[in-house]
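Examination of the molecular architecture
Residue-level listing of the chains:
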Amino acid sequence: MAGIQRRGRFGVSLGLARINRLLDGLDRPDRSLHGALVGGTNGKGSVVALAGAVLRAAGLRVGAMPKPHLVTYRERITIDGRMLSKPEFARVIERVLELADADAATDGSPTEFEVLTAAGFLAISEAQVDVALVEVGLGGRLDATNATDLGVAAITTVAHDHERHLGRTLAAIGTEKAAIIKPGDLAVTGAAARGLRPILDRCAAVSAPLRRAGPGQPWDARVLATGWDGITVDLRTPDGTLPGVRIGLLGSHQAANAAVAMALLDALREDGERRGRPMVVDEATLRAGLARAHWPGRLERFPAAVAGRDVVLDGAHNPSGARALARALDELGVRRFPLVFGAMRGKRVTEVLRALAPLEPQPVFTSVADPHAHRPAELLRAWRRVAPGVHGASAGVTVASPPDALERAASFAGHGPVVVAGSLYLVGAVRAGLTGEAPDA
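Scoring rules and cut-offs
Residues numbered from 1 in each chain as written. Predicted model: local features only at pLDDT ≥ 70, side-chain atom pairs only at ≥ 80, totals over all residues. Heavy atoms only, no water. Helix = DSSP H or I, 4+ residues; strand = E, 2+ residues; numbered from the N terminus. Rg over C-alpha atoms; globule rule 2.2 N^0.38 Å. Buried < 20%, exposed > 50% of the residue type's maximum accessible area, 1.4 Å probe, protein only. Contact = heavy atoms within 4.5 Å. 1 Å grid on protein atoms, 1.4 Å probe; cavity = no way out; pocket = protein on both sides within 12 Å on 5 of 7 lines; lining within 4 Å. Points joined across faces, edges and corners; volume = space filled by probe spheres on them. Nonpolar A, V, L, I, M, F, W, Y, C, P; charged D, E, K, R; others polar. Core = buried A, V, L, I, M, F, W, Y, C linked by side-chain atoms within 4.5 Å. Pairing = 2+ DSSP bridges. Axes fitted to C-alpha atoms, helices over the stretch in contact; angles between N-to-C directions. Phe/Tyr/Trp six-rings, centres within 6.5 Å; stacked < 30°, edge-to-face > 60°. Lys NZ or Arg CZ within 6 Å of the ring centre and 35° of its normal. Salt bridge = Lys/Arg side-chain N within 4 Å of Asp/Glu carboxyl O. Expected span 1.5 Å × (residues − 1). Parallel < 35°, antiparallel > 145°, perpendicular 65-115°, else oblique. Left-handed = near helix turned anticlockwise from the far one by under 90°.

This paragraph deals with the overall build of the protein. Of regular secondary structure, the protein possesses 16 helices and 17 strands. Relative to the compact-globule value of 22 Å for 441 residues, the protein shows a C-alpha radius of gyration of 21 Å, a close match. Seen through its principal axes, the protein has C-alpha atoms that stretch 65 × 55 × 40 Å. Scored against the burial criterion, the 441 residues of the protein give a buried share of 59%. For the protein, contacts bridging at least 24 residues in sequence account for 71% of all contacts bridging at least 6.

Of the volumes computed, that of the second largest pocket is approximately 500 Å³. Considering the residues around the second largest pocket, the lining is formed by 25 residues, among which P66, T78, G81, W295 and P296 are closest to the centre. Of all the secondary-structure elements, those providing two or more residues to the lining of the second largest pocket are helix 3 (44–57), strand 2 (62–65) and strand 4 (82–83). Top contributing element to the lining of the second largest pocket by residue count: helix 3, with five residues. Looking at the lining of the second largest pocket, its residues break down into 11 nonpolar, five polar and nine charged.

Nonpolar side chains in soluble globular proteins tend to be buried together. Counting residues in hydrophobic clusters, the biggest one holds 49 residues, and the most contacted among them are I124, I181 and I199. Here the element with the most residues in this core is helix 6 (residues 112–126); it accounts for nine residues. When neighbours within four sequence positions are excluded, I181 is seen to be in contact with A153, I155, A187, I199, R202, C203, V206 and A208. The next biggest cluster of nonpolar side chains, apart from the first, holds 44 residues, and it includes L133, I231, V233 and L268.

What follows deals with the sheet that holds strand 11 (residues 240–247). Pairing in this open sheet of three strands is antiparallel, and the strands run 9-10-11 from one edge to the other. Unpaired on one side and paired on the other, strand 9 (220–227) and strand 11 mark the two borders of the sheet. Neighbour-to-neighbour, the strand axes of this sheet turn through a mean angle of 15 degrees, independent of strand direction. As paired strands, strand 9 and strand 10 (residues 230–237) are joined by seven bridges and run antiparallel to one another. Its bridge partner being in strand 10, A221 is matched across the sheet by L235. Across the sheet, helix 11 (residues 283–292) lies against strand 10 and strand 11, angled at about 35 degrees from strand 11, the strand it touches most.

With that out of the way, let us pick up the packing of aromatic side chains. Per the stated rule, a full pass over the model turns up one aromatic pair. Here F341 and F365 contribute two aromatic rings whose centre-to-centre distance is 6.0 Å and whose plane-to-plane angle is 80 degrees, an arrangement assigned as edge-to-face. A residue pair is termed long-range when its members are at least 10 positions apart, and F341 in strand 14 (residues 338–341) and F365 in strand 15 (residues 362–365) qualify at 24 residues. For F365, a relative accessible area of 0% gives the class buried. Taking NZ or CZ as reference, R301 lies 4.7 Å from the ring centre of W228, over its face.

What follows deals with the environment of L249. On the secondary structure map, L249 appears in the loop between strand 11 and helix 10 (254–274). Look at L249 and you get buried, because its relative accessible area is 6%. Counting along the chain gives 47 residues from L249 to P296, while the straight-line C-alpha distance between them is 9.8 Å.

Counted according to the given criterion, the structure contains 29 salt bridges. In this structure, the salt-bridge partner of D24 is R28, at a minimum N-O distance of 3.3 Å. In this structure, the salt-bridge partner of R336 is E360, at a minimum N-O distance of 3.5 Å. Here the residue R336 occupies a position in the loop between helix 12 (319–331) and strand 14, and E360 occupies one in the loop between helix 13 (349–356) and strand 15, the gap between them amounting to 24 residues. Classification of R336 by relative accessible area gives exposed; the value is 55%. Here E360 falls in the partly exposed class, since its relative accessible area comes to 34%. What emerges from the salt-bridge pattern is a single network uniting R211, D266, R269, E270 and E273.

Here the focus is the pairing of strand 12 (residues 298–306). For strand 12 and strand 13 (residues 309–314), the ladder comprises five bridges, and the chain directions are antiparallel. When the sheet's bridge partners are listed, E300 is paired in strand 13 with L313. Count of turn residues in the strand 12/strand 13 antiparallel hairpin: two residues, of which A307 carries a positive phi of about 50 degrees.

Glancing now at helix 3. Given a rise of 1.5 Å per residue, 14 residues ought to cover 20 Å, and the 20 Å separating the end C-alpha atoms of helix 3 matches this to within 8%. Residues of helix 3 that are buried include every one of K44, G45, S46, V47, V48, A49, L50, A51, G52, A53, V54 and L55, and no others. At its buried positions, helix 3 is contacted by strand 1 (35–39), strand 2, strand 5 (131–135), strand 11, helix 10 and helix 11. Note on helix 3: the residue one or two positions beyond its end, G59, has a positive phi of about 85 degrees.

Axis separation between helix 3 and helix 11 bottoms out at 7 Å; the angle between their running directions is 135 degrees. Compared by their axis directions, helix 3 and helix 11 come out oblique. Crossing geometry of helix 3 relative to helix 11 is assigned as right-handed. The residues of helix 11 that touch helix 3, namely those facing L50, A53, V54 and A57, are T285, L286, G289, L290 and R292. For the contact of helix 3 with helix 11, a count of residues per class yields six nonpolar, two polar and one charged.

Here the focus is the sheet that holds strand 14. As summarised here, the arrangement of the six strands in space is 12-13-17-14-15-16, forming an open sheet in which the pairing is mixed. Strand pairing shows two members of the sheet lacking a second neighbour, strand 12 and strand 16 (397–398), which therefore form its edges.

Laid out in structure tokens, this is it:
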């Protein structure tokens, strides 16, 4: 893995020249693929998980490229819901690395993300999948995944995140994300308000029919019940309502993602028909797939994992994600819980903490071993600005490493779960310890 690691997991170098050079050197494996690019601020991983689960339940061969990885790079390339084997992953990575530094003087050396993207396209092309579901990394216009056109483009939501790279307004962020919609694509979105306008404009400019999901739209979901085994919703589509559908993911915010996934499945069906490859998903298959959906590190529960206490992992790292986490925990009756929290620089830490503060957590601040991570003391100061006057465990403490922070949090009084949030990199570090899987980076 050293050839990937030295390129730097946390660096950002947007642009399409390097990824196109890699894909050209591989004889453009992406051009054999059909499916969807899935972008958006929040929810894109959940939408890929939901749609992929349904497609697999229908007997289709599905290649997916979720991101970021939590523990191992192999998570970023899956065939039928399974990571590549270590030998197969090493083979495709080595093939890409052989090309990676050729002509580097022209465009620079490919980034870690670009190497993994090229390897993902190669692997799922060789697997001859029926459908490819590719999660966009950062933004859309200059993201490496945007070097390809899969026929369908979905944008889940548009909210504030990565402003340094995407802009500080929802209109600017939406414009960057809308660029994944290419001429003649079928488009899907759950975006609303100011973030929607750029998507509407892009669809009009490139003649892309748009399916909209959300309240008052043709695809929608109404929450009936929430619990530790998922949520139950009524799904509405242009063909009618499916009552009492169970979604395997936790939190009422997954209803909105399920609505986007339903619209995405409909777009994939239409795209298959126009290519002469019809896709059939009956109601029983749809229900079975949605119930089986799983998305690691997003309200993922590990029962009795540390000192007899449950651990709940959630990568909420921006304000909208933190609000969704807070709402889900409140629905589950989880308050005054031990919170292990870490964050990367460039994130809206104060707003994230403000979203969690009404639940009166007992925070333990820590950091992953990377210079881009906020120091625990910085996070503690931000917390005390957000929640002045707190005392006892709720005042917060700092612990240097994630494993020690988890142990400290589990020692707090009470029987509720320990919640780990604030950064997917922190979630990955904790998850590696819980599963026993050795991390790559």
